[in-house]
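# A look at the structure
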Amino acid sequence: MKYFVTGGAGFIGSNLCDLLLKKNHQVTIYDNFSTGKKKFIEKALASPNCNLVEADLLDINTLNQAISNHDIVVHLAANADVRFGSEDTRRDLEQNTIATSNLLDAMRINDIKKILFSSTGSIYGEARTIPTPENYEMPIQTSFYGASKLACEALIQAYCEAFGMQAWIFRFVSILGERYTHGHVYDFYKSLSKNKNTLKVLGDGEQKKSYLYVNDCIDYIYNSIQKSDEKINIFNLGTNEFVTVKQSIQIICDQMKVSPKIETMGGNKGWIGDNPFIWLDCNKIFKLCGKPKVSINKGVQKTVEWLDQNQWVFENDNYT
């Protein structure tokens, strides 16, 4: 099969490309490198079955040419930083919603019928049902990021109805593991590397988060397309456990062998859109593909180990 992977040089994308190539598929990586890293795809590009197109999804002409003659689109490219949505209100619209619209129309023009899409558990807002199932009634949106991703889901569903496409939509919790360069664990590790005595924490540290190890994530993405064949397939991707921010900090500190004083900023949120309790009901994907192999505790440890061994990621401090 010929896969077209947007954001293929990013954290999740580069790991997924390695898996696809291992399974003898052909892969085109489409990435503008605003946050992706060429070092992440060095192994992939060494394969004769992989090629790279360095371009933006807002570049419609390049996109229409690059996407032709592919069987499946994996759409991972996006702005994923929830924190600054209210400071730049067009960023999520352009990089998430408009980019997805361009991609879907390129699929229509080139008669490509299958898309795998990375959505987010943030679309559930501050859900009252915890853990939150896929059929939860959509609440008021609490972030520009979540709103943009929900709009993407709606566009995908409309294209499936209008043009006979088929979609697999994955609502992620936070993903951890090798090549992770954005989020709580990264931020805390970076802060503690600079100052092992004090760690400032946004909110009260009691926010509850669920994390999924990246290899479990990409296994779910790949296996679900083999095992689920509805017109529109929607899956929560996460674990059956969660930790508080303070608990995740303790795991990081134990791994780094530091004992800082924790200074919390107060309130139950770190920023606008920082939902105080995110925990998804993932029984649907568990029944289809089994439970995750790596616990949250182990996932945090493996992430810290990778950051220890790859200090170069802090030289160009962006996220993927």
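Residues numbered from 1 in each chain as written. Predicted model: local features only at pLDDT ≥ 70, side-chain atom pairs only at ≥ 80, totals over all residues. Heavy atoms only, no water.

### A word on the packing of helix H1 (residues 11-22) against helix H7 (residues 214-227)
Keep this limit in mind: With axes taken as lines fitted to C-alpha atoms, and helix axes fitted only over the stretch in contact, angles between N-to-C directions fall between 0 and 180 degrees. Segments assigned H or I by DSSP are reported as helices when at least four residues long, segments assigned E as strands when at least two residues long, and all are numbered from the N terminus. Angle categories: roughly parallel below 35 degrees, roughly antiparallel above 145, roughly perpendicular from 65 to 115, and oblique for all the rest. The handedness criterion is simple: a crossing whose near helix is rotated anticlockwise from the far helix by less than a right angle is left-handed, and one whose near helix is rotated clockwise is right-handed. Throughout, a contact is declared for two residues whenever any of their heavy atoms are within 4.5 Å. When residue character is reported, Ala, Val, Leu, Ile, Met, Phe, Trp, Tyr, Cys and Pro are called nonpolar, Asp, Glu, Lys and Arg charged, and the others, Gly included, polar.
Orientation of H1 relative to H7, taken along the N-to-C sense of each, is 60°, at an axis distance of 10 Å. In terms of axis orientation, H1 runs oblique to H7. In this structure, H1 meets H7 at a crossing whose hand is right-handed. In contact with Phe11, Ile12, Asn15, Leu16, Leu19 and Leu20 of H1, H7 contributes Val214, Asn215, Cys217, Ile218, Asp219, Ile221 and Tyr222. Broken down by class, the residue content of the contact of H1 with H7 amounts to 10 nonpolar, two polar and one charged.

### Points about the packing of aromatic side chains
Applicable threshold: Each aromatic pair joins two rings of Phe, Tyr and Trp (for Trp, the six-membered one) with centres within 6.5 Å, and gets the label stacked for planes under 30 degrees apart, edge-to-face for over 60, and tilted for any other angle. A 1.4 Å probe rolled over the protein chains alone gives each residue an accessible area, and that area as a share of the maximum for its type sets the label: buried under 20%, exposed over 50%, partly exposed in between.
Taken as a whole, this structure holds 12 aromatic pairs when the rule is applied. Each ring, one from phenylalanine 40 and one from tryptophan 312, has its centre 5.7 Å from the other, and the planes form 65°; the classification is edge-to-face. Of this pair, phenylalanine 40 sits in the loop between strand S2 (26-31) and helix H2 (42-45) while tryptophan 312 sits in the segment after helix H10 (296-309), placing them 272 residues apart in sequence. Taken together, a centroid distance of 6.4 Å and an interplanar angle of 15° make the contact between phenylalanine 277 and tryptophan 279 stacked. For phenylalanine 277, a relative accessible area of 26% corresponds to the partly exposed category. Judged by relative accessible area, tryptophan 279 falls into the buried class, the value being 18%. What links up through ring pairs into an aromatic cluster is the set Phe40, Trp306 and Trp312.

### A closer look at helix H8 (residues 245-256)
To be explicit about the condition: To estimate how far a helix should extend, the number of its residues minus one is multiplied by 1.5 Å.
Its 12 residues place the ends of H8 16 Å apart at the C-alpha level, agreeing with the 16 Å of an ideal helix rising 1.5 Å per residue. Buried within H8 we find Val245, Ser248, Ile249, Ile251, Ile252, Cys253 and Met256. Note on H8: the residue one or two positions beyond its end, lysine 257, has a positive phi of about 60°.

### Looking at the sheet that holds strand S5 (residues 114-120)
Remark on secondary structure: sheet strands pair via backbone hydrogen bonds, oriented parallel or antiparallel. Put simply, the test is: Following DSSP output, two strands are said to pair if at least two bridges run between them.
Pairing is parallel across the open sheet formed by seven strands, whose spatial order is S3-S2-S1-S4-S5-S6-S11. Edge positions in the open sheet fall to strand S3 (50-54) and strand S11 (232-237), since each of these has one partner strand only. Averaged over all pairs of adjacent strands, the angle between strand axes in this sheet comes to 15°, irrespective of strand direction.

### As for the pattern of salt bridges
Threshold: Salt bridge, as used here, is a side-chain nitrogen of Lys or Arg placed within 4 Å of a carboxyl oxygen of Asp or Glu.
Counted under the stated rule, the structure contains eight salt bridges. The salt bridge involving glutamate 54 is made with lysine 38; its shortest N-O contact spans 3.2 Å. Separated by 16 residues along the polypeptide, glutamate 54 in strand S3 and lysine 38 in the loop between S2 and H2 bring together distant segments of the chain. Given the relative accessible area of 47%, lysine 38 is considered partly exposed. Where glutamate 206 meets lysine 246, a salt bridge forms, and the shortest distance between an N and an O atom there is 3.3 Å.

### Details of unusual backbone geometry
Of note, the bond from isoleucine 130 into proline 131 is cis; its omega dihedral lies within 30 degrees of zero at -5°. When you line up the elements, proline 131 lands in the loop between S5 and helix H5 (144-163). Residues other than glycine seldom take positive phi values, yet asparagine 69 does so here, at roughly 65°. Within the secondary structure layout, asparagine 69 lies in the loop between helix H3 (60-66) and strand S4 (72-75). A residue is classified by how much of its surface remains accessible, and asparagine 69, at 60% relative accessible area, is exposed. Positive phi values are uncommon outside glycine, yet aspartate 111 reaches one of about 55°. With relative accessibility at 56%, the residue aspartate 111 sits in the exposed group.

### Brief notes about the side chain of serine 122
When you line up the elements, serine 122 lands in the loop between S5 and H5. Overall, the relative accessible area of 10% leaves serine 122 in the buried class.

### As for H5
Short version of the rule: What the arc covers is the set of directions going from the helix axis to the C-beta atoms.
When the terminal C-alpha atoms of H5 are compared, their 28 Å separation across 20 residues agrees well with the 28 Å that a helix rising 1.5 Å per residue should span. For H5, the complete set of buried residues consists of Tyr145, Gly146, Ser148, Lys149, Cys152, Glu153, Ile156, Tyr159 and Cys160. All buried residues of H5 lie within an arc of 165° about the axis, which places them on one face of the element. For H5, the exposed residues lying more than 90 degrees away from the buried face are Glu161 and Ala162. Packed against the buried residues of H5 are helix H4 (91-109), S5, strand S6 (166-172) and S11. At the C-terminal side of H5, glycine 164 shows a positive phi close to 70°.

### So, the pairing of strand S1 (residues 2-6)
The following threshold applies: A crossover gets the label right-handed when its path from the first strand over the helix to the second runs clockwise, viewed with the strands pointing away from the viewer.
Within S1, four of the five residues are buried, which leaves it mostly tucked inside the rest of the structure. Here five bridges tie S1 to S2, and the two strands are oriented parallel to one another. Considered in S2, the bridge of tyrosine 3 is made with valine 27. Handedness of the crossover joining S1 and S2 through H1 is recorded here as right-handed. Taken together, the four bridges between S1 and S4 define a ladder with parallel strand orientation. Residue pairing for S4: threonine 6 is matched across the bridge by histidine 75.

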